[in-house]
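# Working through the structure, step by step
In case you want the letters, here they are:
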Amino acid sequence: VVSISRHPFFPKHFLSIGDWTARVWSEDLHSELVATPCRPSYYSAGAWSQNRPSVFYCTTADGSLETWDLLKSHSEPVVTSNIADCALTCLAVQDTNANQGLLAVGCKDGTSLLVKPSAGLTQSQGDEKAAFAAMMEREVGREKGLEKASKEAKARARKETARAAEPVTRVLPEELEELKRDILAKLALRG
C-alpha cells in the first residue's frame, strides 16, 4: 500500500492504493468493498474528491491521472488524462472550502502540476451523497453476509474434521454376543 485516503464525507470508509489497484474499504470489514481492475501501469497515489462523495483520483507510473466515479462505474475510470511524460508520484486534493477542486500532482522528475478538473467532476450531482451512502451500505451488508457465510462454512469444516478424527470403536464378535445376552437378560427381568 502506497497511499491511503479517508473519505471526507463518510469517515469509516477509506481508499487504499497499492500495486495495480485502488480499493475502497470500510472499518467494519476485513475485505474491500470495491476494487478497481488491475491496470497495466501501477498506481502511485490516490485521494477522494472533497466535493463529490463518489469521486476519487489516482495517479499512475505512466504519467496518467484517472478520475473514478463509483456511482457510474466500478470497472473503469470516467476520465483518464495523460498529464506527464514521467511517473506521477503523489497527489493532493484542494480543501472543500476553496470549492475549486484543484489537484496538486507531483512528478518523479521533481516537477509539480496543478490540475483543474471540469465542473462536472467537482460539483456535487443532486442527491449524490445519499446515493453513495446507500451504495456503501449495500456493499457493507453484502460483504458482512459473505464473511458470515465463510465463518459458518469454516466452523462446519472444523466440526467435520474433528468428527472424522474421532477414534472408531470396534466391537469384537464375542463382545457383541455377550452384550446381546446382557440386554436379553435385562429385558427378561423386566417382562
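Let me begin by describing the structure that accompanies this report. In this text, all values refer to a predicted model and were calculated from it rather than measured experimentally.

Further remarks concern the sheet that holds strand E11 (residues 112–115). Taken in spatial order, the three strands make up an open sheet running E9-E10-E11, and their pairing is antiparallel. Looking along the sheet, the strands with just one partner apiece sit at the ends: strand E9 (88–93) and E11. Strand-to-strand twist across the sheet, computed as the mean angle between neighbouring axes with direction ignored, equals 20 degrees. Here strand E10 (residues 103–107) pairs with E11 via four bridges, running antiparallel. Residue pairing for E11: Ala104 is matched across the bridge by Leu114.

For the rest of this paragraph, the subject is the side chain of Thr21. Along the chain, the position of Thr21 falls in strand E3 (residues 21–26). Apart from residues no more than four positions distant in its own chain, Thr21 is found in contact with Ser16, Thr36, Pro37, Cys38 and Tyr43.

In this section: a negative patch on the surface. A grouping of Glu174, Glu175, Glu178 and Asp182 is seen on the molecular surface, where their side chains present a negatively charged patch. Examined against the element boundaries, Glu178 turns out to sit in helix H3 (residues 173–190). Judged by relative accessible area, Glu178 falls into the partly exposed class, the value being 47%.

Thresholds, definitions, all that
- Residues numbered from 1 in each chain as written.
- Predicted model: local features only at pLDDT ≥ 70, side-chain atom pairs only at ≥ 80, totals over all residues.
- Heavy atoms only, no water.
- Pairing = 2+ DSSP bridges.
- Helix = DSSP H or I, 4+ residues; strand = E, 2+ residues; numbered from the N terminus.
- Axes fitted to C-alpha atoms, helices over the stretch in contact; angles between N-to-C directions.
- Contact = heavy atoms within 4.5 Å.
- Patch = residues over 30% accessible without salt bridge, like charges linked within 9 Å, V, L, I, M, F, W, Y side chains within 5 Å.
- Areas by Shrake-Rupley, 256 points an atom, 1.4 Å probe, with all protein chains shown as cover.
- Salt bridge = Lys/Arg side-chain N within 4 Å of Asp/Glu carboxyl O.
- Lys, Arg positive; Asp, Glu negative; His and termini not counted.
- Charge placed at Lys NZ, Arg CZ, Asp CG, Glu CD.
- Buried < 20%, exposed > 50% of the residue type's maximum accessible area, 1.4 Å probe, protein only.

Any functional reading would require information beyond the geometric quantities listed.
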